[in-house]
Amino acid sequence: MFTMVVSEITPQRFEQLFAGKSHVYNTAEFSELNRAKTDGVSYLAFEDTKIRGGLILGRRGNLFCSPFSSPYGGLVTGRSHGIAAIERMWRLAVDHAAANGCDLRVTLPPGFMDSDLSAKSVNVLTRLGGVPIVEVNHHFDLTVPDIHAAFDVKTRNQLHQAQKLPYIFGELVPEPENIARVYDVIVRNHTSRGYPVNMTLDDVNATAPVVGARFFILTLEGVDVAAAQVHDPAPGVAQVIYWGDVPGHSSSRPMNMLAYRLFELYKSENYRIMDIGISTVDGVPNYGLCDFKEGVGCRPTAKFTFLFPCESRRPRT
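The rules we used
Residues numbered from 1 in each chain as written. Predicted model: local features only at pLDDT ≥ 70, side-chain atom pairs only at ≥ 80, totals over all residues. Heavy atoms only, no water. Core = buried A, V, L, I, M, F, W, Y, C linked by side-chain atoms within 4.5 Å. Buried < 20%, exposed > 50% of the residue type's maximum accessible area, 1.4 Å probe, protein only. Helix = DSSP H or I, 4+ residues; strand = E, 2+ residues; numbered from the N terminus. Arc of directions from axis to C-beta. Contact = heavy atoms within 4.5 Å. Pairing = 2+ DSSP bridges. Axes fitted to C-alpha atoms, helices over the stretch in contact; angles between N-to-C directions. pLDDT = per-residue confidence, 0-100.

Chemist: What's the story with the nonpolar core in this structure? I'm lost.
Modeler: A general tendency of soluble globular proteins is for nonpolar side chains to be buried together. V230, W243, L258, L262, F263, Y266 and M274 are the most contacted members of the largest nonpolar core, which totals 32 residues. Every element with two or more residues in this core is listed here: α6 (153-163), β7 (167-172), β8 (214-220), β9 (223-234), β10 (237-245), α9 (254-268) and β11 (273-278). Among the nonpolar cores identified, the runner-up in size contains 26 residues, and L172, V182, A208 and V211 belong to it.

Chemist: I keep staring at α6 and nothing clicks. Help me out?
Modeler: For an α-helix, the turn length of 3.6 residues means that residues three or four places apart are oriented alike. Among all positions of α6, only T155, Q158, L159 and A162 are buried. Along the axis of α6, the buried residues cluster in a sector spanning 105 degrees; they form a single face. In this structure, the buried residues of α6 make contact with α5 (147-150), β7, α9 and α10 (287-295).

Chemist: Hey, could you run me through the sheet that holds strand β6 (residues 131-141) in this one?
Modeler: Strands in a sheet are paired, the pairing made by backbone hydrogen bonds, and the direction either parallel or antiparallel. Spatial strand order, β1-β2-β3-β4-β5-β14-β6-β11-β10-β9-β8-β7: twelve strands in an open sheet with mixed pairing. Sheet topology places β1 (5-9) and β7 at the edges, where each strand pairs with a single neighbour. Strand after strand, the sheet turns through a mean of 30 degrees between neighbouring axes, direction not considered. As judged from the four bridges shared by strand β4 (residues 63-66) and strand β5 (residues 103-107), these two strands associate in the parallel manner. Paired with C65 across the two strands is R105, which belongs to β5. Here helix α8 (residues 201-211) sits on the sheet in contact with β8 and β9, set at roughly 50 degrees to β9. Packed on one face of the sheet, α10 meets β6, β10, β11 and β14 (299-308) and runs near 170 degrees to β11.

Chemist: Sorry if this is basic, but what is going on with the side chain of H96 here?
Modeler: Residue position: H96 is located in helix α3 (residues 83-99). Exposure remark for H96: the relative accessible area of 13% places this residue in the buried category. Once residues lying within four places of it in the same chain are set aside, the contact partners of H96 are E8, L44, L57 and F64.

Chemist: I would appreciate a short explanation of the confidence of the model for the protein in the present structure.
Modeler: Caution is warranted with low-pLDDT regions, since their predicted coordinates should not be read in detail. With 97% of its residues at a pLDDT of 70 or more, the protein shows a mean pLDDT of 95. The low-confidence segment residues 313-317, where pLDDT is below 50, has eleven contacts with residues more than four positions distant or belonging to other chains.

Here it is, written out as structure tokens:
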């Protein structure tokens with residue numbers, strides 16, 4: 001067996017090696033856009049007889065993070081590797097963090113993004129001693145023959161109520177004034193529910209062209225009642241970053257209508273998955289959010305985060 005080594009490379013070299021081989025959050029372009037949110041970004045390449053994979057780490061104090069400003073990170077491999085090679089890469093990443101006096105925090109993509117790499121990474125990171133946090137991530141399977149039938153009975157009835165109202169659903173051109181319009185709805189929704197909005201409006205505007213962001217609005221009698229920001233992280237996968245309705249309109253079921261129209265649109269464009277994101281915080285479920293997402297036909301999958309405290313180990317030889 002050839003010895004695998006890890007080296008730091010430039011973002012330009014990382015992009016040359018791994019362009020188009022992973023999701024958008026594992027690109028140098030996205031990482032450089034968010035570099036200011038860290039104390040530094042490291043681009044790692046794992047190599048034996050050839051380059052086997054890569055990893056982007058953002059440093060914040062004594063913590064290396066993958067990702068450091070997105071929903072998930074993880075390895076970039078380009079092709080399937082046996083679990084022994086995946087183990088060598090993760091072992092080197094863990095030791096790299098320890099050698100720099102840092103903890104390591106890794107959040108993997110949901111399993112539907114790359115089930116082969118995900119399953120192997122979960123196994124390896126568990127055996128290497130990572131402290132796991134298991135989030136519940138929901139997604140909608142856009143290959144279902146009938147979106148309406150995927151909703152449960154109660155939610156279908158609520159959708160029927162909403163469909164009797166003069167809702168207008170539309171996609172907005174991603175210009176600053178339109179992005180601000182969607183953002184305003186999201187802020188009002190999150191503020192009313194006590195949820196944080198982690199992206200500023202400037203963040204959204206800067207990120208939109210890099211991630212292929214699309215912006216949607218739902219109006220009722222001329223009033224913006226719900227909105228969504230959706231990214232395009234990988235072929236065939238759409239990802240809801242933010243969605244929500246404004247206070248005072250829940251009886252009109254705008255979220256049922258918004259979900260249905262988004263699923264309908266992306267299905268018509270031949271996407272296979274709409275990722276709705278986690279319904280937990282540090283593993284603790286938001287029961288109402290879980291019920292809503294499953295009511296509109298979303299399926300739960302596990303999304304893993306692993307923490308490796310530096311003080312608990314020494315670099316392996």
